[in-house]
Amino acid sequence: MNNQEEKNVNTEIEEDEGDLIEGERQPPFQTPKGVHDILPVDHEYYTFIKKIIRHRCRQAGFRRITTPAFEYTEVFKRNLGEITDVVTKEMYTFLDKKGRSLTLRPEGTAGVVRAFIQHGMSESPQPVALYYIEPFFRYERPQAGRYRQFWQFGFELMGESDAALDAQSILLAYRIFQDLGIADTLKLQLNNIGDLNSREIYAQALKDYFCGKERYLSEEDKIRLKKNPLRILDSKHEDTIILNQSAPIFKDFVSPESVAYHEKVKEYLTDLGLEFIENKNLVRGFDYYNQTVFEFWDEKKQGQNSLGGGGKFDGLVELMGGQPTPAIGFAMGLDRVIAQMKRNKIRVPSKDYLHVFVAQLGQEAKKVCLPLIDQLRENGVKTMGALGKGAIKYQLRIADKFKVPYCVLIGLTEVREGKAIIRDMRVGTQVTVPFDKVVPEIIKRIGKIDLDYYDPKSPV
Ligand code: HAM
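Fair warning: this is a prediction, and the values are worked out from it, not measured in the lab. (Residues numbered from 1 in each chain as written. Predicted model: local features only at pLDDT ≥ 70, side-chain atom pairs only at ≥ 80, totals over all residues. Heavy atoms only, no water.)

Caption draft 1: Up close: the packing of aromatic side chains. Inspection of every chain in the model, using the stated rule, returns 21 aromatic pairs. Pairing Phe-62 with Phe-155 gives two aromatic rings, centres 5.2 Å apart and planes at 65°, and the pair type is edge-to-face. A residue pair is termed long-range when its members are at least 10 positions apart, and Phe-62 in the loop between α2 (40–59) and β1 (63–64) and Phe-155 in strand β6 (residues 149–158) qualify at 93 residues. For Phe-155, a relative accessible area of 0% corresponds to the buried category. Members of the aromatic cluster, joined through ring pairs, are Phe-62, Tyr-131, Phe-153, Phe-155, Phe-177, Phe-294, Phe-296 and Phe-330. When the ring centre of Phe-136 is taken as reference, the NZ or CZ atom of Arg-105 above it lies at 4.9 Å. (Phe/Tyr/Trp six-rings, centres within 6.5 Å; stacked < 30°, edge-to-face > 60°. Helix = DSSP H or I, 4+ residues; strand = E, 2+ residues; numbered from the N terminus. Buried < 20%, exposed > 50% of the residue type's maximum accessible area, 1.4 Å probe, protein only. Lys NZ or Arg CZ within 6 Å of the ring centre and 35° of its normal.)

Caption draft 2: Summary view of helix α10 (residues 256–271). The end-to-end C-alpha distance of α10, which contains 16 residues, comes to 22 Å, matching closely the 22 Å that a straight helix rising 1.5 Å per residue would cover. Taken together, the buried positions of α10 are Ser-258, Tyr-261, His-262, Val-265, Lys-266 and Leu-269. Mapping the buried residues of α10 onto a view down its axis gives an arc of 135°, with all of them on the same face. Of the residues in α10, the exposed ones pointing more than 90 degrees away from the buried face are Pro-256, Glu-257, Thr-270 and Asp-271. For α10, the secondary structure elements touched by its buried residues are α6 (163–179), β7 (187–192), α7 (196–210), β8 (277–278), β9 (290–297) and β10 (306–312). Positive phi shows up at Gly-273, right after α10, with a value of about 80°. (Expected span 1.5 Å × (residues − 1). Arc of directions from axis to C-beta. Contact = heavy atoms within 4.5 Å.)

Caption draft 3: Looking closely at the packing of α6 against α10. Where α6 contacts α10, the two axes come as close as 8 Å, and the packing angle between them is 45°. Taken together, α6 and α10 sit at an angle that is classed as oblique. The element α6 and its partner α10 pack so that their crossing is right-handed. The segment α6 lies against α10, with Ala-163, Ala-164, Asp-166, Ala-167 and Ile-170 engaging Tyr-261, Lys-264, Val-265, Tyr-268 and Leu-269. A class-by-class count of the residues in the contact of α6 with α10 yields 8 nonpolar, no polar and 2 charged. (Axes fitted to C-alpha atoms, helices over the stretch in contact; angles between N-to-C directions. Parallel < 35°, antiparallel > 145°, perpendicular 65-115°, else oblique. Left-handed = near helix turned anticlockwise from the far one by under 90°. Nonpolar A, V, L, I, M, F, W, Y, C, P; charged D, E, K, R; others polar.)

Pasting the structure below:
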């Protein structure tokens, strides 16, 4: 890893605008606040993570979906909860040239449900199991682990409801954390926030309780009371906090069915050997949830310690104009996953290394090198060539920097004799072979098993 890459990897974003070190000249163009580049060294993590996700999702019958990076604003505004933090404060909303309001997706569930309805997926065999790996956008206060553009892997399972499916979904998330080597660092938090009906009855009870007390409420809390009374419980307003202490308690409104459902989920999780912590305060940030909600936390970590979360959203498809369709889903934050892997010193296998560097001198040699490089690559040998100008010595120095095991050298003499030099860079020895023996000789040395050969026709 070079210094520049090391500096940029998972940049811990500072609170202040710039942290210019005295005397250091900054390039004139920088990433906007709250976003970061994913440099090649981090892509090794992304490639590894995506491979695991694809494998686990395929095993479980999920298929990949990509929805657009932006949707009509209403898709999020109406369906995530009009007074959630994401909708009120964190959406990147803009007008297009025709004055239509669009929003960069802050999360994946609403877009997937929109696609589910738009493409008539309720007619497909149920449950419909979809997953995505995409960037999302939230205008949040940047800090380590919290970005304005971040990556999520998420899945949604629509069309069936059973406590066993909840346990299975949690297990899928867990298995992926396990494959990534960080499951042991996380604790599963579990809660049941009741069914839609008891939530409605509870909401009414809260409204009744606050009726006549409106004058003590802030403007924001008055809106909460009107639009989603449950949100008033998150209020930071002093008077509301005092009033909340005597407000009706949700536990008294949870239906016996929800209690039984929750017990079943816990039983299945226990049978699967999955440990969990019952967390009665876990509510999640969107209004579409009901019944089971869960998150994976690194409890040892301060700050942004949730690596993923999800839950049931049985009312969302209907709310968005589809048939009543039970559903459950989950999303994990990949930027946080990578940081967690690094904190736990988890290294990922990489294929991003070269086998051969082809160095040449003179116009004639270059002409010979071009097809030779192509032949090496066609045979799965990862090859780079210095086709620009430069003395052989200089090219060898570059080859050294790329840490290639072998160099192929072709100068004027070699061209005339129809030969090439193969240099073993690790021991410094070299042999001269005829052109047509270069590829087989290299393959013999690196071994067939290490060739990077891929058949575009093989199944994806
Ligand atoms: P969420 O809890 O908002 O859920 O996000 C899921 C994960 O995305 C978080 O646990 C966190 O790891 C990561 N994340 C969220 N915001 C940021 C950020 N600003 N910077 C870095 N990482 C972040 C959802 O988005 C739901 N749509 C999940 C779901 C799917 N529920 C049902 N289906």
